[in-house]
Amino acid sequence: MAGNKIEPDKPMFDPDSWGLTKQQTDLTALARKLGQEKFAGRAEKWDREAIFPMANYKDLHKSGLLGICIPKKYKGLGADQKTYALTAAEIGRYCGATALTWNMHVASCLWTGSLADDLPMSREQRKNHNRRRGIHYERILKKGAIYAQPFSEGGAAAAGFRPFGTLATKVEGGWLINGKKIFASLAGSADYYGVLCTEDKEILSRKDTMYFGIPANATGITIEGDWDPLGMRGTVSRNLIFENVFVPEDAALMPKGIYFEAVVRWPHMFTSLTPSYMGIAQAAYDFTVNYLRGEVEGTPPVKRRMYPTKQHAVAEMRIMLEQTKAVWFQMLNDAKPNPSKDEVLRAYVAQYTVMENSNELAQLAIRTCGGQSILKSLPLERLYRDSRCGGLMLPWTSELCIDKLGRECLYERGEEDD
Ligand SMILES: Cc1cc2nc3c(=O)[nH]c(=O)nc-3n(C[C@H](O)[C@H](O)[C@H](O)COP(=O)(O)OP(=O)(O)OC[C@H]3O[C@@H](n4cnc5c(N)ncnc54)[C@H](O)[C@@H]3O)c2cc1C
């Protein structure tokens, strides 16, 4: 929060203390500046009206951040998952909906970029992939194209238990897409929908998952349903219907089967939803400190910091925040192909911790700051509502993290009870 201070906000992760690289230091500083100077002031409007933060996307494009995970050889910034996550967390401090929707866009570059480079492909697949992703990256860098990432369907597919029900049927020159996606953030605002679907065969298999970049204006796409949710209102996550939508071969963002390989070999790909909520956790803590010091813009300069109960509450919040940041940062260090079992377990722990603690910190902030802090003219009640959405995001909801963690702590792969 900027508060009354004119000086820039401090980094969430001090570059010296946390050993950030030069690129991480520069990109997090850029995101913080954009967030503090531009996004923070606009966030209330997107939330109140439940509209997509398009003005922020113009700034993200201008600053090069739309191409953060586009590999350098394609003229992007070439950030890896950790660098992206640290940058996105800084954006999440100021506008959760921008950070969360930016994640959907960035995933289309991270998955097709450094992540795909780590996965085995035949020479022919690699050649086609490199050519196709070049088309995709050029649209983003030159035209500012924005990508959405609709994969949820309301059933077990997005949870990772079944093949996607949205089907791709092979036809001359390309594919016909049919199906329905729910909660498609950026619906109506994205230029392309990065759709996960299954090749239409007699027996559907998760191994035949396909990933297409479908132009938002393609014939056969409709957007349905209204959008008036509790939090993350600026994501505008409405439903998408695909009815005989034709896409050419080159719309494939990954060769067939490679998304499934990524799920198996690169599980940290699913932690990319956490940075928005890590940023919200920091923002809830910062707001509390500023508020108790009587330094929040738009509130009387009344200090409340001298009360022992408030000091205890802030101490508890600081402990929770530091614990959350520590496990999250270590999880980012672990992110790589074929992580060890302990690294995967820690990824579940980190996902759960960030998603649940961001909401816990926001609720502690409200209790500690008191009644006047929940006015809609202040960001705290929005942080509280936005933070509640984190644990609901598939495939690694808080519940599913607990399920996986408990089982995998007790069983080795292939082990069964008699
Ligand atoms: C603000 C916001 C933005 C979003 N943006 C996107 C987006 O851009 N793209 C996208 O694809 N999705 C998005 N989502 C959707 C999100 O990832 C989930 O898919 C969605 O919240 C699931 O809602 P549901 O009511 O179907 O969940 P649930 O009913 O909880 O889960 C759906 C299915 O998953 C399985 N499942 C869930 N929990 C368990 C469990 N504990 N054990 C076993 N099976 C389980 C079940 O089959 C269940 O029917 C967004 C959600 C929110 C809140």
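Residues numbered from 1 in each chain as written. Predicted model: local features only at pLDDT ≥ 70, side-chain atom pairs only at ≥ 80, totals over all residues.

Helix and strand counts for the protein chain stand at twelve helices and eight strands. With respect to the three principal axes, the spread of C-alpha positions in the protein chain is 70 × 55 × 40 Å. Here the protein chain holds 418 residues, and the buried ones make up 47% of them. (Helix = DSSP H or I, 4+ residues; strand = E, 2+ residues; numbered from the N terminus. Buried ≥ 20, exposed ≤ 12 C-beta atoms within 10 Å, placed from the backbone.)

Next up on the list: the nonpolar core. Within the largest apolar cluster, 117 residues are counted, with the highest numbers of intra-cluster contacts made by I177, C197, F212, I214, A281 and A284. Not counting the four nearest positions on each side in its chain, F212 is found in contact with I177, V195, C197, V247, A251, A252 and L253. (Core = buried A, V, L, I, M, F, W, Y, C linked by C-beta atoms within 7 Å. Contact = placed C-beta atoms within 7 Å.)

As assigned here, the protein chain comprises domain 1 (15–146), domain 2 (167–256) and domain 3 (266–410). With centres defined by C-alpha atoms, the gap from domain 1 to domain 2 works out at 21 Å. Residue-level contacts link 26 residues of domain 1 with 20 residues of domain 2. Of all the elements in the fold, those that place two or more residues in the side of domain 1 that touches domain 2 are helix 2 (22–49), helix 5 (96–117) and helix 6 (123–143). Counting residues per element, the side of domain 1 that touches domain 2 draws most heavily on helix 5, at ten residues. In terms of residue class, the side of domain 1 that touches domain 2 is built from 15 nonpolar, nine polar and two charged. (Domains from an automatic or database assignment. Nonpolar A, V, L, I, M, F, W, Y, C, P; charged D, E, K, R; others polar.)

The next thing to look at is the packing of helix 8 (residues 274–292) against helix 11 (residues 380–387). Two elements in contact, helix 8 and helix 11, have axes whose closest approach is 10 Å; the angle formed by their N-to-C orientations is 150°. Comparing their axes, helix 11 and helix 8 come out roughly antiparallel. For the element pair helix 8 and helix 11, the recorded crossing hand is left-handed. In this structure, helix 8 uses Y277, I280, A283, A284 and F287 to contact helix 11, whose residues at the interface are L380, L383, D386 and S387. Here the contact of helix 8 with helix 11 is built from residues that sort into seven nonpolar, one polar and one charged. (Axes fitted to C-alpha atoms, helices over the stretch in contact; angles between N-to-C directions. Parallel < 35°, antiparallel > 145°, perpendicular 65-115°, else oblique. Left-handed = near helix turned anticlockwise from the far one by under 90°.)

Between helix 10 (residues 341–369) and helix 11, the least distance of the axes is 8 Å, while the angle of their chain directions is 150°. Between helix 10 and helix 11, the angle is such that the two are roughly antiparallel. The crossing of helix 10 and helix 11 is left-handed. Here S358, N359, A362, Q363, A365, I366 and C369 of helix 10 lie close against helix 11, whose contacting residues are L380, L383, Y384 and S387.

A few words now on the site of the ligand. Near the ligand you find 24 residues, and of these S152, A156, F183, S185 and M232 are the closest. Elements represented by at least two residues in the shell around the ligand include exactly strand 3 (174–184) and helix 12 (398–410). No other element matches helix 12, which puts three residues into the shell around the ligand. The residue makeup of the shell around the ligand, split by class, is 14 nonpolar, eight polar and two charged. (Near = placed C-beta within 6 Å.)

Inspection of the secondary structure assignment puts A365 in helix 10. Residues A365 and P229 lie 136 residues apart in sequence; the distance between their C-alpha atoms is 22 Å. Ignoring any residue separated from it by four or fewer positions in sequence, one finds A365 in contact with A284, F287, T288 and L380.

With 28 residues, helix 2 ought to run about 40 Å at 1.5 Å a step, and its terminal C-alpha atoms sit 38 Å apart, in line with that. Along helix 2, the sharpest kink reaches roughly 55°, centred on F39. Those residues of helix 2 not exposed but buried are Q24, L27, T28, A31, R32, L34, G35, F39, A43, W46 and D47. In this fold, the buried residues of helix 2 make contact with helix 3 (54–62), helix 4 (81–92), helix 5 and helix 11. Looking one or two residues past helix 2, A50 carries a phi angle of roughly 50°, positive in sign. (Expected span 1.5 Å × (residues − 1). Bend = angle between axes of the 7 residues up to and from the residue.)

You can see G67 is positioned in the loop between helix 3 and helix 4. Judged by the 26 C-beta atoms lying within 10 Å of it, G67 falls in the buried class. For the pair formed by G67 and L110, sequence separation is 43 residues and the distance between their alpha carbons is 9.7 Å.

As a further point, take helix 3. All buried positions along helix 3 are accounted for by N56, Y57 and L60. The buried residues of helix 3 occupy an angular sector of 100° when projected down its axis, which confines them to one face. Across helix 3 from its buried face, at more than 90 degrees, point the exposed residues M54 and K62. Looking at the buried residues of helix 3, the elements they touch are helix 2 and helix 5. Where helix 3 terminates, the next one or two residues include G64, which has phi positive at roughly 90°. (Arc of directions from axis to C-beta.)

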